[in-house]
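Notes for the structure review
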Amino acid sequence: MDQLTREINDLQNEKDGLTGKIVNLDSYLMEHTLFIGHEKEYLRTQRSIMMSYVQMLDLRINELKQYQKKHN
């Protein structure tokens, strides 16, 4: 496996792990009704940031895959 493929796999694994955390956070937000202070707002903000990070990982993965196709 070449370095580019390893990098793509590492990014995909990172994305998959983060996506799982987002799913868990979504479940937590739906199942819990008692939040202290601004906790629910902070969790929603955290989720939004995590989604932005997943989108950035997608962009990186897709660009690397396109480069790989052109150069193999």
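Described in the following lines is the structure provided in the data block. Not measured: the values here are computed from a predicted model. (Residues numbered from 1 in each chain as written. Predicted model: local features only at pLDDT ≥ 70, side-chain atom pairs only at ≥ 80, totals over all residues. Heavy atoms only, no water.)

Once that is clear, we can look at the overall build of the protein. Of regular secondary structure, the protein possesses two helices and zero strands. In terms of its C-alpha atoms, the protein occupies a principal-axis envelope of roughly 55 × 15 × 15 Å. At a minimum sequence separation of 6, the contacts of the protein that also span at least 24 residues come to 71%. Each charge class in the protein was averaged separately, 10 positive and 11 negative side chains, and the resulting centres sit 4 Å apart. (Helix = DSSP H or I, 4+ residues; strand = E, 2+ residues; numbered from the N terminus. Contact = heavy atoms within 4.5 Å. Lys, Arg positive; Asp, Glu negative; His and termini not counted. Charge placed at Lys NZ, Arg CZ, Asp CG, Glu CD.)

Looking now at the packing of aromatic side chains. Here the structure, examined in full by the defined rule, presents one aromatic pair. Pairing Y28 with F35 gives two aromatic rings, centres 6.0 Å apart and planes at 80°, and the pair type is edge-to-face. Residue F35 is classed as buried on the basis of its relative accessible area, which comes to 15%. (Phe/Tyr/Trp six-rings, centres within 6.5 Å; stacked < 30°, edge-to-face > 60°. Buried < 20%, exposed > 50% of the residue type's maximum accessible area, 1.4 Å probe, protein only.)

The next point concerns the pattern of salt bridges. This structure, assessed with the given rule, holds two salt bridges. Taking the shortest distance from any N to any O, the salt bridge between K15 and D58 comes out at 2.7 Å. One end of the pair, K15, is in helix α1 (residues 3-31); the other, D58, is in helix α2 (residues 39-70), and 43 residues separate them in sequence. Under the relative-accessibility criterion, D58 is labelled partly exposed at 26%. (Salt bridge = Lys/Arg side-chain N within 4 Å of Asp/Glu carboxyl O.)

Attention shifts here to the nonpolar core. Judged by nonpolar contacts, L18, I22, L25, L29, F35, L43, M50 and V54 together constitute the single largest core of eight residues. Sort the elements by how many residues they give to this core and α1 lands first, with four residues. L18 has contacts with M50, Y53 and V54, leaving out every residue within four places of it along the chain. Core analysis: the next-biggest nonpolar cluster, separate from the first, contains six residues, L4, I8, L11 and L64 among them. (Core = buried A, V, L, I, M, F, W, Y, C linked by side-chain atoms within 4.5 Å.)

Bringing the packing of α1 against α2 into the picture now. For the pair α1 and α2, interaxial distance at closest approach is 9 Å and the crossing angle is 155°. By the angle class used here, α1 and α2 are roughly antiparallel. The two elements α1 and α2 meet at a crossing, and its hand is left-handed. (Axes fitted to C-alpha atoms, helices over the stretch in contact; angles between N-to-C directions. Parallel < 35°, antiparallel > 145°, perpendicular 65-115°, else oblique. Left-handed = near helix turned anticlockwise from the far one by under 90°.)

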